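Understanding the architecture of this molecule
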Amino acid sequence: MGRVTDRLGELGLELPPVAPPAGSYQPAVRDGDHVWTSGQLPMVDGAMAHTGQVGEGDGLVAPADAQALARTCVVNALAAIGSVVDLDDIVQVVKLVGFVSSDPSFTGQPGVINGASDLLGEVFGDAGLHARSAVGVAVLPLDASVEVEVVVRVR
Amino acid sequence: MGRVTDRLGELGLELPPVAPPAGSYQPAVRDGDHVWTSGQLPMVDGAMAHTGQVGEGDGLVAPADAQALARTCVVNALAAIGSVVDLDDIVQVVKLVGFVSSDPSFTGQPGVINGASDLLGEVFGDAGLHARSAVGVAVLPLDASVEVEVVVRVR
Amino acid sequence: MGRVTDRLGELGLELPPVAPPAGSYQPAVRDGDHVWTSGQLPMVDGAMAHTGQVGEGDGLVAPADAQALARTCVVNALAAIGSVVDLDDIVQVVKLVGFVSSDPSFTGQPGVINGASDLLGEVFGDAGLHARSAVGVAVLPLDASVEVEVVVRVR
């Protein structure tokens, strides 16, 4: 066990097995000093706790719940990265893009994606501070509420 | 003719000329050991066979048709890359993002974007295995059904 | 003052202060020879002149106005880059992604994002010619009409 997995354990988190992708792509690719992840969905044990658009109102996923889903996406992103490098070799989280399946009236995507960004800060400290884009989209694969992709620099 | 164009020929595909972009940008940019493409639309001879949102139902582009459009986007991406480097110098397809103009009830974006990913696997083998994100968006330029951007590593 | 800020001054533009991000992320991150920006919104003095979806019709942001907003996003992106490197060290604008909050019938995202691309050309000349994707999304943070992210190469 390494420092990153120890830190995740302190936060009550465990890296899941990486699901094989359904197509000619990989969960993550090492590219010289970088690892790029595929877009990660908030799957836990092969299922999503919530699906559907995020927003305020009946039939929508509440922003606080979506923030927790974004956190799960990052756990899955770390598992994907860990499938191609040692997580302790991450020296900087460079970029994160968060897509939020959004009711057209919902404009709180940054708060949702803070669930992803904050976890990276908790795990990596200053090395977890990344550039980030958060956008609202109409619909995501498998009706996911959140999708997160990450680029990290490794030694 | 190189290996990649030969392989495309075996698949019945030919690289089209690269259309000049309509603005202060380029179809692709070489950046050290990488080439980044602009978002590619499924244009063939300057026109799109299908336009509009993808989904199940009347007036929507069927997912199988959209998958073929994603394949066309990759052909155009390879033409764009070939405008700045020799395609035989590609050593790894690093990242692909696929945007699918989606009816709000359509959640099969991964299947659509497999049209792009699978072609890269057919052409490049293991070097074509990339990280990927697939997302559903409300609308794309010129009412395209699919848009694909690619990052590759070159020697 | 450097060449880039001088050039911006000739264009009547001034770099704003960089607003602190609302979460565990940074306006821009230096990553070896690159700087990646966070998604930039068209804020001026902490407010947006226009919000809402872009399109033709009552209650929508006109495409020409949205083009000006995309230009503002680039000014903010340059400010963000300038917070981590000297802007005169930019040797190439590599990639730009422009997200346009779009009425479902609006397909002119490239024209809107030309506001961003053209400014980079005016400031950097050939070094400003980048790869680019323009997509239409349902909604953006704080109901912004446009969001732009940039990757640049630096010496």
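In this text the structure is predicted, and so the values were computed from the model without any measurement.

Now for the overall build of chain A. For chain A, the helix and strand inventory stands at three helices and seven strands. A globule of 155 residues ought to have a C-alpha radius of gyration of about 15 Å, and chain A, at 15 Å, matches this closely. The principal-axis extent of the C-alpha atoms belonging to chain A is close to 45 × 35 × 25 Å. When each of the 155 residues of chain A is scored for burial, the buried share is 57%. Considering only contacts within chain A whose residues lie at least 6 apart along the sequence, 80% involve residues at least 24 apart.

Residue and element names in this part refer to chain A. Strand order in this open sheet of five strands is β1-β2-β7-β5-β6, and the pairing throughout is mixed. Looking at the sheet topology across the chains shown, the edges are occupied by β1 (28-31) and β6 (131-137). Each neighbouring strand pair of the sheet contributes to a mean axis angle of 15 degrees, computed without reference to strand direction. Note: strand β5 (residues 90-101) against β6, seven bridges, orientation parallel. The partner of Val100 across the bridge, within β6, is Gly136.

Another aspect to go through is the interface of chain A and chain C. Often, the extent of an interface is quoted as the loss of accessible area on bringing the components together. At the junction of the two partners, chain A supplies 27 residues and chain C supplies 23 residues. Those elements that provide at least two residues to the side of chain A that touches chain C are β5, α3 (109-124) and β6 of chain A.

The next point concerns unusual backbone geometry. If you check the backbone angles, B:Asp45 has positive phi at about 50 degrees while not being a glycine. Along the chain, B:Asp45 turns up in the loop between β3 (43-44) and β4 (47-48). The exposure class of B:Asp45 is exposed, given the 6 C-beta atoms found within 10 Å. A positive phi angle, close to 60 degrees, is found at C:Leu142, a residue other than glycine. Among the secondary structure elements, C:Leu142 is positioned in the loop between β6 (131-137) and β7 (146-154).

Further remarks concern α3(A). All names here are of chain A. Look at α3: 23 Å from first C-alpha to last across 16 residues, which is about the 22 Å you get at 1.5 Å a residue. Its axis deflected by about 35 degrees at Gly115, α3 carries its strongest bend there. The buried fraction of α3 amounts to 12 of the 16 residues, a majority that puts the element mostly inside the structure. Residues of α3 that are buried include every one of Gln109, Pro110, Val112, Ile113, Asn114, Gly115, Ala116, Ser117, Leu119, Leu120, Val123 and Phe124, and no others. Contacts made by the buried residues of α3 are with α1 (3-10), α2 (63-82), β5, β6 and β7 (146-154). Downstream of α3 by one or two residues, Gly125 has phi in the positive range, about 65 degrees.

A few words now on the interface of chain A and chain B. On the chain B side, the residues contacting the 23 residues of chain A number 27 residues. At three residues, the largest contribution of residues to the side of chain A that touches chain B is made by β1(A). Class assignment of the residues belonging to the side of chain A that touches chain B gives a composition of 12 nonpolar, seven polar and four charged.

When pLDDT is averaged across chain A, the result is 96; 99% of the residues are at 70 or more. Interface scoring of the predicted complex returns ipTM 0.96; its pTM is 0.97.

Moving on: the relation of the copies chain A and chain C. For the pair chain A and chain C, the best superposition has an RMSD of 0.0 Å and corresponds to a rotation of 120 degrees with a translation of 0.0 Å parallel to the axis. Both chain copies can therefore be described as sitting about a three-fold axis.

A few words now on the packing of helix α2 (residues 63-82) of chain C against helix α3 (residues 109-124) of chain C. All names here are of chain C. Closest axis-to-axis distance for the α2/α3 pair is 7 Å, and the angle between their directions is 35 degrees. Crossing handedness for the pair α2 and α3: right-handed. Seen from α2, the contacting residues are Pro63, Ala66, Gln67, Ala68, Ala70, Arg71, Cys73 and Val74; seen from α3, they are Gly111, Val112, Ile113, Asn114, Gly115, Ala116, Leu119 and Leu120. In terms of residue class, the contact of α2 with α3 is built from 11 nonpolar, four polar and one charged.

Let us look at the environment of A:Ala116. All names here are of chain A. Mapped onto the secondary structure, Ala116 falls in helix α3. Using a count of 30 C-beta atoms within 10 Å as the deciding quantity, one classes Ala116 as buried. The spacing of Ala116 and Arg155 is 39 residues in sequence and 23 Å in space, taken between C-alpha atoms. With sequence-adjacent residues up to four places away left out, Ala116 is seen in contact with Ala70, Arg71, Cys73, Val74, Leu96, Gly98 and Val148.

Residue and element names in this part refer to chain B. Strand order in this open sheet of five strands is β1-β2-β7-β5-β6, and the pairing throughout is mixed. Two strands lie at the open edges of the sheet, namely β1 (28-31) and β6 (131-137), each paired on one side alone. Here the strands of the sheet are splayed against their neighbours by 15 degrees on average, with no regard to which way each runs. Here β1 runs beside strand β2 (residues 34-37); their pairing, made up of four bridges, is antiparallel. Each bridged residue has a counterpart across the sheet, and for Arg30 the counterpart in β2 is Val35. Sheet strands in contact with helix α2 (residues 63-82) are β1, β2, β5 (90-101) and β7 (146-154), and its direction is about 40 degrees off that of β7. Strands β5, β6 and β7 of the sheet are contacted by helix α3 (residues 109-124), whose axis makes an angle of about 160 degrees with β5.

The subject of this paragraph is the environment of A:Ile81. Residues and elements named next belong to chain A. Checked against the element boundaries, Ile81 lands in helix α2. For Ile81, a count of 27 C-beta atoms within 10 Å gives the class buried. Considering only alpha carbons, one finds Ile81 and Val18, 63 residues apart in sequence, at a separation of 9.5 Å. Setting aside anything within four residues of it in sequence, one finds Ile81 in contact with Ala28, Val35, Thr37, Leu87 and Val152.

Conventions adopted
- Residues numbered from 1 in each chain as written.
- Chains lettered and ligands numbered in written order.
- Predicted model: local features only at pLDDT ≥ 70, side-chain atom pairs only at ≥ 80, totals over all residues.
- Helix = DSSP H or I, 4+ residues; strand = E, 2+ residues; numbered from the N terminus.
- Rg over C-alpha atoms; globule rule 2.2 N^0.38 Å.
- Buried ≥ 20, exposed ≤ 12 C-beta atoms within 10 Å, placed from the backbone.
- Contact = placed C-beta atoms within 7 Å.
- Pairing = 2+ DSSP bridges.
- Axes fitted to C-alpha atoms, helices over the stretch in contact; angles between N-to-C directions.
- Expected span 1.5 Å × (residues − 1).
- Bend = angle between axes of the 7 residues up to and from the residue.
- Nonpolar A, V, L, I, M, F, W, Y, C, P; charged D, E, K, R; others polar.
- pLDDT = per-residue confidence, 0-100.
- Least-squares fit on C-alpha atoms with pLDDT ≥ 70 in both.
- Left-handed = near helix turned anticlockwise from the far one by under 90°.

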